[in-house]
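Given next are the chains, with one letter for each unit.
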Amino acid sequence: MIRSVRDLIRKRARFFAGASLAALGLRLLLVLRFPGVVDDSRFYANIAENWLQHGIYGITNSGVIVPTLSRLPGYPAFLAVIFAVFGIDNFRAVLLVQVLFDLATCFLIADMARRLFSDRAAQAAFLLAALCPFLANYAAAALTETLEIFFTALALDLVFRGLGVGETGKKSHSKVLWLGCGLSIGAAILLRPDGGILLAAIGGYLLWLLWRSLGTGRGLGAGPIILAGVLVAVGATAPLVPWTVRNLHTLHRFEPLAPRYATDSDDVVMNGFNRWTKTWIADYVSVQEIYWNVPGADMDVTRLPRRAFDSESQRQRTSDLLTDYNRDHDMTLQLDARFAALAAERVHAAPIRYYVWLPAVRIVDMWLRPRTELFPSDPRWWEFNDDSRWLAVSLGFGLVNLAYVALAASGLLRSREFFGIGLFVLFLLLRSAFLGTLENPEPRYTLECYPVVIVLASAFFHPRA
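Quick look at the structure, then. (Residues numbered from 1 in each chain as written. Predicted model: local features only at pLDDT ≥ 70, side-chain atom pairs only at ≥ 80, totals over all residues. Heavy atoms only, no water.)

**What to know about the overall build of the protein**
Step number 1: Summing up its helical and strand segments, the protein has 20 helices and 2 strands in all.
Step number 2: Relative to its length of 465 residues, the protein is compact, with a C-alpha radius of gyration of 23 Å against a globular reference of 23 Å.
Step number 3: The C-alpha extent of the protein, read off along each of the three principal axes, is 70 × 50 × 50 Å.
Step number 4: The proportion of buried residues among the 465 residues of the protein is 52%.
Step number 5: Taking as baseline every contact in the protein between residues at least 6 positions apart, the subset at least 24 positions apart corresponds to 73%.
Step number 6: When the 45 basic and 39 acidic side-chain charges of the protein are each reduced to a single mean position, those positions are 12 Å apart. (Helix = DSSP H or I, 4+ residues; strand = E, 2+ residues; numbered from the N terminus. Rg over C-alpha atoms; globule rule 2.2 N^0.38 Å. Buried < 20%, exposed > 50% of the residue type's maximum accessible area, 1.4 Å probe, protein only. Contact = heavy atoms within 4.5 Å. Lys, Arg positive; Asp, Glu negative; His and termini not counted. Charge placed at Lys NZ, Arg CZ, Asp CG, Glu CD.)

Right, dumping it as structure tokens:
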């Protein structure tokens, strides 16, 4: 095996140059033709501008800048740096920098495949990452996903480097590597609070290594593993300290992450409505047609699936609730309480549906749905009434996604004997279980798993002994 990914790149320079150009071309095409600047992008940008120009981490409300804790500071900080260098609201520059981060992710994925499997698998992993339309699509969107994926891949790669996986000489257990792993996790958490799942997965894997070392006397030894765990934990949590202190000082609230529903102190949390949606919601279509409409837009009862009603009388009560909401598009406390009562009735009537079946369906939907949400495609692609071009895109993306998942499953079966695969499995299980608890099953939430998916898929190309 070649000693490092740099040696592999030098040896296969033509391959990596060609694949890099293809990756760059795909991402630049999407940046130029389908730049994704959505409402969330502008919300983050507003925070970045106020932070940059007025020194206030806040949002503009009726012309007044109000401090906020609804979003973690990672992405606004990234936008503020870009805006400071290239100009306020220069989203084109944001997307181009994200393209560079995404290309770096491709090399990190290749390095993990090289360490775990072989040089041939590393080349396959690089090509799969470079040509992955989903990674490329979000590189062209002013959202947190591309940076979150990069830091996820970086943290995982540093775990394998810290464990000495794939090293031909003396294994390195450098403190710098483990601290860097922790800081990468911290950066992921500062972008999205669910980045903490990565910390749980790596911490759980280190605990398993510790248990194995204590039980069998084999492995790295208890001391180095404990030290690695401490450094990872310190690196992951230290970046949250300034944010937590700021929230205590400015808003008098202990909040080390961000509120569950990205709300500020004066926002009404729609707990009853949210619980009601979880009694029936199972796919991304309902997120677009119902969940995102509240508050502010109509809810159409005809868009609710049949599983949203257990009886004709419940259908009528639900219709009355939606009619009352649609009068002024405001989710009042009284209305939310009525949704809560309806949700409690439905959960009591079918607890297995609420706690098991629907979460499982949401997980499957997020993993297997065509990832075309950033395109003007009809989310109801299976009705085949979309414009033929966008219907083809939906079907094509769906097949490509299935291919990646199928290759990863096949690669997992081939790679069970390789050290480190347990970390991947734990991360996939923890993240999928968490996603099943959400009211809004959006396919983008599984993208953080794609570095793992691609590395596992590359095992399919690893030559058998």
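Read on, since the account is not over.
**Things to note about the pattern of salt bridges**
Step number 1: Throughout the structure, instances matching the rule amount to 23 salt bridges.
Step number 2: The partner of Asp-7 in a salt bridge is Arg-10, and the shortest N-O contact between them spans 2.4 Å. Of this pair, Asp-7 and Arg-10 both sit in helix H1 (residues 5–11), 3 residues apart, which is roughly one turn of the helix.
Step number 3: Across the salt bridge formed by Glu-145 and Arg-444, the nearest N and O atoms sit 3.0 Å from each other. Of the two residues, Glu-145 sits in helix H8 (residues 145–162) while Arg-444 sits in the loop between helix H19 (421–435) and helix H20 (450–458), which places them 299 residues apart along the sequence. Judged on exposure class, the residue Glu-145 and its partner Arg-444 are both buried.
Step number 4: Residues joined by salt bridges that share partners form a network here, namely Glu-145, Arg-192, Asp-194, Arg-431, Glu-442, Arg-444 and Glu-448. (Salt bridge = Lys/Arg side-chain N within 4 Å of Asp/Glu carboxyl O.)

**Notes on the side chain of Lys-278**
Step number 1: Checked against the element boundaries, Lys-278 lands in helix H13 (residues 271–278).
Step number 2: One buried charged side chain, Lys-278, makes no salt bridge at all; its nearest oppositely charged neighbour is Glu-439, positioned 4.6 Å away.
Step number 3: Apart from the residues within four sequence positions on either side, Lys-278 is in contact with Tyr-354, Leu-358, Arg-362, Thr-437 and Glu-439.

**Some thoughts on the pairing of strand E1 (residues 58–61)**
Step number 1: Sheet topology places E1 next to strand E2 (residues 64–67); 4 bridges connect them, and they run antiparallel. Bridged to Ile-59 within E2 is Val-66.
Step number 2: Two successive antiparallel strands, E1 and E2, enclose a turn made up of 2 residues, where Ser-62 displays a positive phi of approximately 55°. (Pairing = 2+ DSSP bridges.)

**A few points about unusual backbone geometry**
Step number 1: The amide bond that connects Val-294 to the next residue, Pro-295, takes the cis arrangement and shows omega of -10°.
Step number 2: Tracing the chain through its elements places Pro-295 in the loop between helix H14 (284–289) and helix H15 (312–326).
Step number 3: Unusually for a residue other than glycine, Ser-62 sits at a positive phi of about 55°.
Step number 4: For Ser-62, the position within the fold is in the loop between E1 and E2.
Step number 5: A positive phi angle is found at Ala-262, which is not glycine, with a value near 55°.
Step number 6: Along the chain, Ala-262 turns up in the loop between helix H12 (240–251) and H13.
Step number 7: Here Ala-262 falls in the partly exposed class, since its relative accessible area comes to 31%.

**A look at a nonpolar patch on the surface**
Step number 1: On the surface, Leu-179, Leu-183, Ile-226, Val-230 and Val-234 cluster together into a nonpolar patch covering about 400 Å² of accessible area.
Step number 2: At the level of secondary structure, the elements contributing two or more residues to the nonpolar patch comprise helix H9 (175–191) and helix H11 (222–237).
Step number 3: Within the secondary structure, Val-234 is located in helix H11. (Patch = residues over 30% accessible without salt bridge, like charges linked within 9 Å, V, L, I, M, F, W, Y side chains within 5 Å. Areas by Shrake-Rupley, 256 points an atom, 1.4 Å probe, with all protein chains shown as cover.)

**Overview of the nonpolar core**
One broad rule of soluble globular proteins: the nonpolar side chains tend to lie buried together.
Step number 1: Counting residues in hydrophobic clusters, the biggest one holds 103 residues, and the most contacted among them are Tyr-75, Leu-79, Ile-185, Ile-202, Phe-424, Tyr-450 and Ile-454.
Step number 2: Of the residues forming this core, the biggest block, 14 residues, is contributed by helix H5 (residues 91–116).
Step number 3: In this structure, Ile-454 is in contact with Ile-109, Ala-125, Leu-128, Ala-129, Leu-135 and Tyr-404, ignoring residues within four places of it in sequence.
Step number 4: In terms of nonpolar packing, the next biggest core, distinct from the first, is built from 22 residues, Leu-304, Leu-321, Tyr-325 and Leu-342 among them. (Core = buried A, V, L, I, M, F, W, Y, C linked by side-chain atoms within 4.5 Å.)

**A closer look at H5**
Step number 1: Helix length check: H5 (26 residues) gives 37 Å between terminal C-alpha atoms against 38 Å at 1.5 Å per residue, within 8%.
Step number 2: Burial within H5 is extensive, with 20 of its 26 residues counted as buried. (Expected span 1.5 Å × (residues − 1).)

**Quick notes on the packing of aromatic side chains**
Step number 1: Applying the stated criterion across every chain yields a total of 33 aromatic pairs.
Step number 2: Taking 6.1 Å as the distance between ring centres and 85° as the angle between the ring planes, the aromatic pair formed by Phe-78 and Phe-101 counts as edge-to-face. A residue pair is termed long-range when its members are at least 10 positions apart, and Phe-78 in helix H4 (residues 74–86) and Phe-101 in helix H5 qualify at 23 residues.
Step number 3: Judged by its relative accessible area of 23%, Phe-101 is partly exposed. (Phe/Tyr/Trp six-rings, centres within 6.5 Å; stacked < 30°, edge-to-face > 60°.)

**What to know about the packing of H15 against helix H16 (residues 333–349)**
Step number 1: Where H15 contacts H16, the axes come no closer than 11 Å and their chain directions differ by 160°. As judged from the angle between their axes, H15 and H16 are roughly antiparallel. Relative to H16, H15 is oriented so that their crossing is left-handed. Contacts from Gln-314, Arg-317, Thr-318, Asp-320, Leu-321, Leu-322, Asp-324 and Tyr-325 in H15 reach Leu-335, Arg-338, Phe-339, Leu-342, Glu-345 and Arg-346 in H16.
Step number 2: Its residues placed into classes, the contact of H15 with H16 shows 6 nonpolar, 2 polar and 6 charged. (Axes fitted to C-alpha atoms, helices over the stretch in contact; angles between N-to-C directions. Parallel < 35°, antiparallel > 145°, perpendicular 65-115°, else oblique. Left-handed = near helix turned anticlockwise from the far one by under 90°. Nonpolar A, V, L, I, M, F, W, Y, C, P; charged D, E, K, R; others polar.)

**As for H12**
Step number 1: For H12, spanning 12 residues, the distance from its first C-alpha to its last is 16 Å, which sits close to the expected 16 Å at 1.5 Å a residue.
Step number 2: For H12, the complete set of buried residues consists of Leu-240, Trp-243, Thr-244, Arg-246 and Asn-247. For H12, the arc enclosing every buried residue in end-on projection is 160°, short of the 170-degree limit, so these residues lie on one face. Opposite the buried face of H12, at more than 90 degrees from it, the exposed residues are Pro-242 and His-249.
Step number 3: Here the buried face of H12 lies against E2, H9 and H11. (Arc of directions from axis to C-beta.)

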